[in-house]
Amino acid sequence: AQKITQTQPGMFVQEKEAVTLDCTYDTSDPSYGLFWYKQPSSGEMIFLIYQGSYDQQNATEGRYSLNFQKARKSANLVISASQLGDSAMYFCAMREVNTNAGKSTFGDGTTLTVKP
Amino acid sequence: DAGVTQSPTHLIKTRGQQVTLRCSPKSGHDTVSWYQQALGQGPQFIFQYYEEEERQRGNFPDRFSGHQFPNYSSELNVNALLLGDSALYLCASSLKVGASTDTQYFGPGTRLTVL
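Residues numbered from 1 in each chain as written. Chains lettered and ligands numbered in written order. Predicted model: local features only at pLDDT ≥ 70, side-chain atom pairs only at ≥ 80, totals over all residues. Heavy atoms only, no water.

*Asks:* What's the story with the pairing of strand S5 (residues 44-50) of chain B in this structure? I'm lost.
*Replies:* If a strand is regular, its side chains alternate between the two faces of the sheet. Residue and element names in this part refer to chain B. In terms of residue burial, S5 counts as a mostly covered element, since 6 of its 7 residues are buried. For strand S4 (residues 31-37) and S5, the ladder comprises 6 bridges, and the chain directions are antiparallel. Within the sheet, the bridge partner assigned to Gln-36 lies in S5 and is Gln-44. Connecting the antiparallel pair S4 and S5 is a turn made up of 6 residues, with Gly-40 showing a positive phi of about 80°. Alignment of S5 against strand S6 (residues 53-57), held across 4 bridges, turns out to be antiparallel. Bridge pairing in S6 links Tyr-49 to Glu-54. Hairpin connection between S5 and S6: a loop of 2 residues separates the two successive antiparallel strands, and Glu-51 in this loop has a positive phi of roughly 50°. (Buried < 20%, exposed > 50% of the residue type's maximum accessible area, 1.4 Å probe, protein only. Helix = DSSP H or I, 4+ residues; strand = E, 2+ residues; numbered from the N terminus. Pairing = 2+ DSSP bridges.)

*Asks:* What am I meant to see in the state of the cysteines here?
*Replies:* Covalent bonding between the sulfur atoms of two cysteines defines a disulfide. Enumeration according to the criterion identifies 2 disulfides over all chains in this entry. The disulfide bridge from Cys-23 of chain A ends at Cys-92 of chain A, spanning 2.0 Å between sulfur atoms. Measuring the twist about the S-S bond at about -60°, one finds the Cys-23 of chain A-Cys-92 of chain A disulfide to be left-handed. With Cys-23 of chain A in the loop between strand S3 (19-21) and strand S4 (24-26) and Cys-92 of chain A in strand S10 (residues 88-96), this pair connects stretches of sequence that are 69 residues apart. Accessibility assignment for this pair places Cys-23 of chain A and Cys-92 of chain A in one class, buried. Here Cys-23 of chain B is linked by a disulfide to Cys-91 of chain B, with a sulfur-sulfur distance of 1.8 Å. Here the S-S torsion is close to -60°, and the disulfide linking Cys-23 of chain B with Cys-91 of chain B is therefore left-handed. Here Cys-91 of chain B lies in strand S9 (residues 87-94) and Cys-23 of chain B lies in strand S3 (residues 19-24), a separation of 68 residues in the sequence. In this structure Cys-23 of chain B comes out as buried when scored by relative accessible area, which is 2%. (Disulfide = S-S within 2.5 Å.)

*Asks:* Would you mind showing me how to read the interface of chain A and chain B here?
*Replies:* As a measure of interface size, the accessible area lost when the parts come together is often cited. In this assembly, 23 residues from chain A lie in contact with 21 residues from chain B. Contact between chain A and chain B buries roughly 1800 Å² in total, counting both sides, with carbon and sulfur atoms accounting for 52%. One can count 4 residue pairs in polar contact (both at pLDDT 80 or more) joining chain A with chain B. Put simply, the parts of the chain that give the side of chain A that touches chain B at least two residues each are strand S5 (32-39), strand S6 (46-52) and S10 of chain A. Of all the elements, S5 of chain A adds the most residues to the side of chain A that touches chain B, at 5 residues. Classifying every residue of the side of chain A that touches chain B by side-chain character gives 10 nonpolar, 9 polar and 4 charged. (Contact = heavy atoms within 4.5 Å. Buried area = accessible area lost by both parts, 1.4 Å probe. Polar contact = N/O pair within 3.5 Å; in protein donor to acceptor, adjacent residues only side chain to side chain. Nonpolar A, V, L, I, M, F, W, Y, C, P; charged D, E, K, R; others polar.)

See below:
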């Protein structure tokens with residue numbers, strides 16, 4: 001069964017520094033997608049970055065990059081040059097292509113606090 | 001480019017009542033999924049609609065039902081409300097493109113409180 005584990009309930013980072021949010025996953029489907037979302041206190045889930053299981057290179061989107069280590073089943077999010085507006089809850093999610101294409105499975109999230 | 005919209009924003013109901021939540025997908029999207037997010041947890045998948053049919057369902061009882069209209073908008077209905085149904089209900093839309101893992105874009109959610 002597909003499963004996402006985020007082991008850091010809360011993280012603190014100084015403004016302008018980089019931070020890594022951990023995510024490990026478990027699946028038996030060889031084809032899957034990994035996603036990171038940001039959820040501010042307003043509640044809306046904002047899509048940040050996507051990594052496909054067959055992608056050879058790590059995904060990057062502006063200040064966000066995904067450190068994808070397939071053998072270790074890990075998909076960590078790296079935020080460079082943190083900003084105060086980055087303070088939010090961050091969720092890692094996975095979708096399996098062949099077995100559960102319609103369903104995203106989410107971790108329990110990591111609360112990131114950026115300090116001035 | 002219109003994003004995913006949901007209504008209402010907040011809702012208060014009492015136990016045993018029924019509720020209907022609404023969602024309009026992002027422009028150009030044809031697939032709608034619903035999620036329930038309890039406080040302090042990640043979203044849990046309820047079901048997905050495509051071509052006006054329920055295509056996949058999570059571990060939710062039959063009290064949770066839905067509908068998709070020809071214009072791709074969708075409704076989530078919950079009957080016989082329980083206190084435990086209090087949560088943020090998120091709608092996500094995507095463009096079903098074969099077997100690819102297309103990105104789901106979420107709406108702002110409806111916060112349901114059951115008293």
